[in-house]
Amino acid sequence: MVMRNNITSIILLGFPNLQNFTFLFFCLLIIIYCGTILGNLLIMVLYLMSKALQSPMYFFITQLSVCDILVTTDTVPTLLHTVLYGRCTVTLLGCIIQFSVFVTSESSECLLLSVMCYDRYLAICNPLRYHSIMNHMFCISSVIMIWSVGFIVTLINSICIYSFYFCGPHIIDHFYCDYEPILQLSCSDTSTIQKLHVIMGSIVVMVPLIPIVMSYVYIAIAILKIPSITGRHKAFSTCSSHLIVVSLFYGTLMIVYMFPRKGHSAILSKVLSLMYTVLTPLLNPIIYTLRNKDIKEALHKLKLRKK
């Protein structure tokens, strides 16, 4: 028997106790949001317009920018609404769609960071075979597979959640529709999907982490074998930006989703969620721009072209 849901809309509370900091927090979020969108769009434009950036590494960076734009656009407008008005009302379907976009972008970013790490491993540890392996076909196939896996994972989760019976309460103490808060609104038995979510989460999040760790072990060994300090510094600089991005992304993601939440307060969970939904997408283009000589040169040439 198909049961109709008792709730059709959901209230997101966001950060209800900001008090005198509401306007300041709202302005800060607007600045961060605009900076994130402009920064990631700039990287994509530079890649398309600069011949010097036509390499696998920068191709993958543009895909990372797409992930960052998606997750930011998906969560920040809702967050801004909750900050400005104290809460935000979304439909049940809209909540599931927001969750779906979030899962697609985050799942794809996990896999993308793993492929980017493999790119750096080949460039440092096996440079003679780099161009034969990291060819155009490999890059395109990898990206298609990454987004396909992200979409499939999202589709499975979304279908399972949408099949549940939701009877209330209709309030989520968060600033976006995350997995656990949505399931807490359901009166159906969610044990099966929770197990499925753990399995898929482990595959999408933890499995890509294995080649990342292994690659950086081999990269560290290869760098230590370089006799000159200048050579070591140059080799490390080619992967340092990626290492920082991986640390920021996986660090916050694992704290929120991989460790028990019973000891976490609601405000701590929200703050940690801000890290990978708001701050990390902003920091990614900054890290790759400030620490990358090629992107700096491409940006300088773009400025000269406009003049």
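Calculation notes
- Residues numbered from 1 in each chain as written.
- Predicted model: local features only at pLDDT ≥ 70, side-chain atom pairs only at ≥ 80, totals over all residues.
- Heavy atoms only, no water.
- UniProt positions renumbered as here; feature names shortened; annotations may be inferred.
- pLDDT = per-residue confidence, 0-100.
- Helix = DSSP H or I, 4+ residues; strand = E, 2+ residues; numbered from the N terminus.
- Salt bridge = Lys/Arg side-chain N within 4 Å of Asp/Glu carboxyl O.
- Buried < 20%, exposed > 50% of the residue type's maximum accessible area, 1.4 Å probe, protein only.
- Phe/Tyr/Trp six-rings, centres within 6.5 Å; stacked < 30°, edge-to-face > 60°.
- Lys NZ or Arg CZ within 6 Å of the ring centre and 35° of its normal.
- Polar contact = N/O pair within 3.5 Å; in protein donor to acceptor, adjacent residues only side chain to side chain.
- Contact = heavy atoms within 4.5 Å.
- Core = buried A, V, L, I, M, F, W, Y, C linked by side-chain atoms within 4.5 Å.
- Axes fitted to C-alpha atoms, helices over the stretch in contact; angles between N-to-C directions.
- Parallel < 35°, antiparallel > 145°, perpendicular 65-115°, else oblique.
- Left-handed = near helix turned anticlockwise from the far one by under 90°.
- Nonpolar A, V, L, I, M, F, W, Y, C, P; charged D, E, K, R; others polar.
- Disulfide = S-S within 2.5 Å.

Named according to an unreviewed UniProt entry, the chain is Olfactory receptor originating from Eleutherodactylus coqui. Listed under Subcellular location (unreviewed entry) in UniProt, the entry text for the chain is "Cell membrane". What UniProt states about the chain under its Sequence similarities (unreviewed entry) heading is, verbatim, "Belongs to the G-protein coupled receptor 1 family."

Let us look at the confidence of the model for the chain. Looking at the chain, pLDDT values average 85 and 93% of them are 70 or higher. Ranking the helices and strands of the chain by mean pLDDT puts helix α2 (residues 56-85) first, with 93, and helix α10 (residues 293-306) last, with 74.

The next subject is the pattern of salt bridges. Applying the stated criterion across every chain, the model contains two salt bridges. Among the ionic pairs, Asp119 bridges to Arg120, the shortest N-O distance being 2.7 Å. Since its relative accessible area comes to 0%, Asp119 is described here as buried.

This part takes up the packing of aromatic side chains. This structure, assessed with the given rule, holds twelve aromatic pairs. The interplanar angle of 25° and the centroid separation of 6.2 Å between the aromatic rings of Tyr118 and Tyr121 together place this pair among those described as stacked. Here Tyr118 pairs with Tyr121, and both are found in helix α3 (residues 92-125), just three residues apart, close to one helical turn. A relative accessible area of 31% places Tyr118 in the partly exposed class. Accessibility expressed as a relative area gives 23% for Tyr121, which makes it partly exposed. Put simply, the rings of Phe15, Phe25, Phe102, Phe175, Tyr176 and Tyr276 touch in pairs and so form one group of aromatic residues. Geometry around Phe15 places Lys270 over its ring, the cationic atom sitting 5.6 Å from the centre.

Structurally, the position occupied by Asn40 is in helix α1 (residues 22-49). A distance of 3.2 Å separates a polar atom in the side chain of Asn40 from the backbone oxygen of Pro281. Beyond its immediate sequence surroundings of up to four residues, Asn40 is in contact with Ser65, Asp68, Ile69, Pro281 and Pro285.

Right, let's talk about the nonpolar core for a bit. Phe60, Leu113, Ile161 and Tyr250 are the most contacted members of the largest nonpolar core, which totals 86 residues. If you tally residues by element for this core, the top one is α3, at 15 residues. Not counting residues up to four positions away in its chain, the partners in contact with Phe60 are Leu112, Val115, Met116, Met134, Cys139, Ser142 and Val143.

Two measures define how a pair of helices packs: the angle their axes make with one another and the distance between the axes. It is the contact of α2 with helix α5 (residues 136-162), at a shortest axis distance of 11 Å, that shows an interaxial angle of 20°. On the basis of their axis angle, the class for α2 and α5 is roughly parallel. Crossing handedness for the pair α2 and α5: right-handed. Residue-level contacts link Pro56, Phe59, Phe60, Gln63, Val66, Cys67 and Leu70 of α2 to Cys139, Ile140, Ser142, Val143 and Trp147 of α5. Taken together, the residues that form the contact of α2 with α5 break down as ten nonpolar, two polar and no charged.

What follows covers the state of the cysteines. Disulfide: a covalent bond connecting the sulfur atoms of a pair of cysteines. Applying the stated criterion across every chain, the model contains two disulfides. The cysteine Cys117 is free of any disulfide, with Cys239 supplying the nearest cysteine sulfur at 8.2 Å. By relative accessible area, which is 0% here, Cys117 ends up buried. Its sulfur unpaired, Cys139 is 15 Å from the next cysteine sulfur, which belongs to Cys117.

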